[in-house]
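Letter by letter, the chains look like this.
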Amino acid sequence: MATWGMLERMTGASDPAPAALPADAVSRFEALLAPDGQELLARLRREDARAAAPRPGTGPEPGTRLRLGTELRAAYPVELVVDALAQHELRLRARAKFGRALDMFFTRPGLEQASAEVIARHRNARYAGAALVADLCCGIGGDLVALAEGRAVLAVDRDPLHLRMARANAAVYEVAAGVTAALADVREAALRGVNGVFIDPSRRAGGRRLRAGDSEPPLEWCLGLARSVARVGIKAAPGLPRDAVPPGWELEFIAVGRDLKEAVAWSPALATAATRATVLPGGHTLTPGAGGTVPVRPPGGFLLDPSPAVTRAGLVADLARLAGAWKIDEKIAFLSADAPVRSPFARTLRVIDSAPWDQRRLPARLRALDIGAADIRRRGLAGDVAALHRQLRLSGSRRATVVMTRVADRPWGLVCVDVS
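Throughout what follows, the structure given in this document is the object of discussion. (Residues numbered from 1 in each chain as written. Predicted model: local features only at pLDDT ≥ 70, side-chain atom pairs only at ≥ 80, totals over all residues. Heavy atoms only, no water.)

**Considerations on the packing of helix 2 (residues 25-33) against helix 5 (residues 78-94)**
(1) Moving on: At a minimum axis distance of 10 Å, the contact between helix 2 and helix 5 shows a crossing angle of 80 degrees. Considering their axes alone, helix 2 and helix 5 lie roughly perpendicular with respect to each other. Facing Arg-28, Ala-31 and Leu-32 of helix 2, the residues of helix 5 in contact are Glu-79, Leu-80, Asp-83, Ala-84 and Gln-87.
(2) Moving on: Considered class by class, the residues forming the contact of helix 2 with helix 5 number four nonpolar, one polar and three charged. (Axes fitted to C-alpha atoms, helices over the stretch in contact; angles between N-to-C directions. Helix = DSSP H or I, 4+ residues; strand = E, 2+ residues; numbered from the N terminus. Parallel < 35°, antiparallel > 145°, perpendicular 65-115°, else oblique. Contact = heavy atoms within 4.5 Å. Nonpolar A, V, L, I, M, F, W, Y, C, P; charged D, E, K, R; others polar.)

Laid out in structure tokens, this is it:
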């Protein structure tokens, strides 16, 4: 593995770091890796665990945080305490993404852009058989720790702090031995001997999120990587248009549970379909299939709300054929069925009321159905959801989902309950 001194000289002709990076950022991070920093981080972890599980019959003692801060500043350099406290807060936030978050290292933007561990492991399967994979724009190493399991990885980033954190995080996952780090603009990186590439181009500039399809390096440059390395995966925002990738490429939309997280463009050497919807953590995937036209009919006894990954992948009709369901409107992504459907690709609700949309009469309808709390889903029908919530003033004993939508191009309202 390259040493840090070597990495500082591997900059090429391009600027190796964002202008906003403080000059002492890496040295301050190294202080967290030193014995005092590790001791301080371990103490914060113990104190947090103690506060989260107080003795029976007691709560957190008043002023605990303030006293702890005073004690730490008396025992450690103030700058080290400030950095450790910030790192500990990021670790707590990162537990939603990483199984070993409390041992890892982050910056706020690095954590925000990093892929969750469950997604990185799913994606890693595409590179089976690749002996050396390049992780371009590796950031803090969210994908690196998955890619480096059982293979060599070249990690490239122009941010020296993120690159150093990526190496540290690889060590946390015990895969650092196979990682070679290169401090460089990815457009300058040498890919000799690489037989697989994953790139996560930045989708932020100046602290703001770029439009879907815009990135640095640009998507066009990322697609061009396939001219020199056949196996290429490009992480993108889930709003990326399906026609943004060339013919022969696959565009995969990934959801974790009901939350759409990201898209990945796979080069022809890795593609197995034109488009794909994936739902994690189960690893369920849906791809286009053959079949006839899906009928359009009024709502039946059950409503299917497709996963946003299915909707973005353009596979609602494929889901309908798979589930034996029909559309309730030609342009709306709700489906219906006469029997409950259990599918990782859709949430199924039981319809207890279905009628043309009439907002003035809705409160009375819900009271008649004994609805005391309602979630509102709006698709294809304009309306102020917050104002509607305020208008309802419900007091019944049941919880329901109110669906504002269209049926055969007519404004329509459905009242639904969960399927037990």
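Here the narrative resumes.
**Focus: empty space enclosed by the protein**
(1) Moving on: Taken as a whole and assessed by the stated rule, the structure comprises two cavities of 30 Å³ or more.
(2) Moving on: Estimated volume of the second largest cavity: approximately 30 Å³.
(3) Moving on: Lining the second largest cavity we find Ala-120, Arg-123, Asn-124, Tyr-127, Asp-143, Leu-147 and Phe-198.
(4) Moving on: Sort the elements by how many residues they give to the lining of the second largest cavity and helix 7 (residues 117-124) lands first, with three residues. (1 Å grid on protein atoms, 1.4 Å probe; cavity = no way out; pocket = protein on both sides within 12 Å on 5 of 7 lines; lining within 4 Å. Points joined across faces, edges and corners; volume = space filled by probe spheres on them.)

**Focus on the sheet that holds strand 13 (residues 326-327)**
The strands making up a sheet are joined through hydrogen bonds of the backbone, oriented either antiparallel or parallel.
(1) Moving on: Pairing is mixed across the open sheet formed by seven strands, whose spatial order is 13-14-12-15-18-17-16. Strands at the two margins of the open sheet, each flanked by one partner only, are strand 13 and strand 16 (371-378).
(2) Moving on: Of the pairings in the sheet, the one linking strand 12 (residues 302-306) to strand 14 (residues 335-337) comprises three bridges and is antiparallel in character. Within strand 14, the position partnered with Phe-302 by the bridge is Ala-337. (Pairing = 2+ DSSP bridges.)

**A word on the nonpolar core**
Proteins that are soluble and globular tend to have nonpolar side chains buried together.
(1) Moving on: Formed by 54 residues in total, the largest nonpolar core has its most connected members in Phe-98, Phe-106 and Tyr-127.
(2) Moving on: Looking at this core, the element that brings in the most residues is helix 9 (residues 160-172), giving seven residues.
(3) Moving on: Not counting chain neighbours up to four residues away, the residues in contact with Tyr-127 comprise Val-133, Leu-147, Arg-151, Gly-196, Val-197, Phe-198, Arg-231, Val-232, Gly-233, Trp-266 and Leu-270.
(4) Moving on: Counting 48 residues, the second-largest nonpolar core is a separate cluster that includes Leu-136, Leu-154, Val-156 and Ala-320. (Core = buried A, V, L, I, M, F, W, Y, C linked by side-chain atoms within 4.5 Å. Buried < 20%, exposed > 50% of the residue type's maximum accessible area, 1.4 Å probe, protein only.)

**Observations regarding the packing of helix 2 against helix 3 (residues 35-52)**
Packed helices, taken two at a time, are described by their axes: the angle between them and the distance between them.
(1) Moving on: Contact pair helix 2 / helix 3: the axes reach a minimum separation of 4 Å and the direction vectors enclose 70 degrees. As summarised for this structure, helix 2 and helix 3 are arranged roughly perpendicular, according to the angle between their axes. Of the residues in helix 3, those touching helix 2 at Ala-31, Leu-32 and Leu-33 are Pro-35, Gly-37, Gln-38 and Leu-41.
(2) Moving on: Residue composition of the contact of helix 2 with helix 3, by class: five nonpolar, two polar and no charged.

**Section: helix 9**
(1) Moving on: For helix 9, with 13 residues, the first-to-last C-alpha span of 19 Å sits near the 18 Å given by 1.5 Å per residue.
(2) Moving on: Judged by how many residues are buried, helix 9 sits mostly within the fold: twelve of 13 residues are covered.
(3) Moving on: When we look at burial in helix 9, the residues that qualify are Pro-160, Leu-161, His-162, Leu-163, Arg-164, Met-165, Ala-166, Arg-167, Ala-168, Asn-169, Ala-170 and Val-172.
(4) Moving on: Taking the backbone nitrogen of Leu-161 as reference, a side-chain oxygen 2.9 Å away marks Asp-159 as the first, capping residue of helix 9.
(5) Moving on: One or two positions beyond helix 9, positive phi appears at Glu-174, with a value near 60 degrees. (Expected span 1.5 Å × (residues − 1). Polar contact = N/O pair within 3.5 Å; in protein donor to acceptor, adjacent residues only side chain to side chain.)

**Overview of the packing of aromatic side chains**
Note on aromatic pairs: each is described by the distance of the centres and the angle between the planes.
(1) Moving on: Evaluated as defined, the whole model comprises three aromatic pairs.
(2) Moving on: On the basis of an interplanar angle of 35 degrees and a centroid distance of 5.8 Å, the ring pair of Phe-98 and Phe-106 is categorised as tilted.
(3) Moving on: A residue is classified by how much of its surface remains accessible, and Phe-106, at 2% relative accessible area, is buried.
(4) Moving on: We note Arg-91 situated over the ring of Phe-105; from NZ or CZ to the ring centre the distance is 4.8 Å.
(5) Moving on: When the ring centre of Trp-326 is taken as origin, the NZ or CZ atom of Arg-297, which lies over that ring, is 3.9 Å away. (Phe/Tyr/Trp six-rings, centres within 6.5 Å; stacked < 30°, edge-to-face > 60°. Lys NZ or Arg CZ within 6 Å of the ring centre and 35° of its normal.)

**As for the pairing of strand 9 (residues 259-266)**
(1) Moving on: Judged from the four bridges that link them, strand 7 (residues 232-236) and strand 9 form a sheet pairing that is antiparallel. Following the sheet pairing, Lys-235 is matched in strand 9 by Val-264.
(2) Moving on: Bridging between strand 8 (residues 250-256) and strand 9 involves seven bridges; their strand directions are antiparallel. Counterpart to Phe-253 in the pairing with strand 9 is Ala-263.
(3) Moving on: The loop that links strand 8 with its antiparallel partner strand 9 comprises two residues; one of these, Gly-257, has a positive phi angle of about 65 degrees.

**Describing the pairing of strand 1 (residues 132-136)**
(1) Moving on: With four of five residues buried, strand 1 is to be regarded as a mostly interior element.
(2) Moving on: Bridging between strand 1 and strand 4 (residues 196-199) involves four bridges; their strand directions are parallel. If you follow Val-133 over to strand 4, its bridge partner there is Gly-196.

**Some points on the sheet that holds strand 3 (residues 179-183)**
(1) Moving on: If you walk across this open sheet you meet the nine strands as 3-2-1-4-7-9-8-10-11, and the pairing is mixed. Unpaired on one side and paired on the other, strand 3 and strand 11 (284-286) mark the two borders of the sheet. Strand-to-strand twist across the sheet, computed as the mean angle between neighbouring axes with direction ignored, equals 20 degrees.
(2) Moving on: As judged from the three bridges shared by strand 4 and strand 7, these two strands associate in the parallel manner. Counterpart to Val-197 in the pairing with strand 7 is Val-232.
(3) Moving on: The sheet contacts of helix 9 involve strand 2 (152-157) and strand 3, and relative to strand 3 the element is tilted by about 175 degrees.

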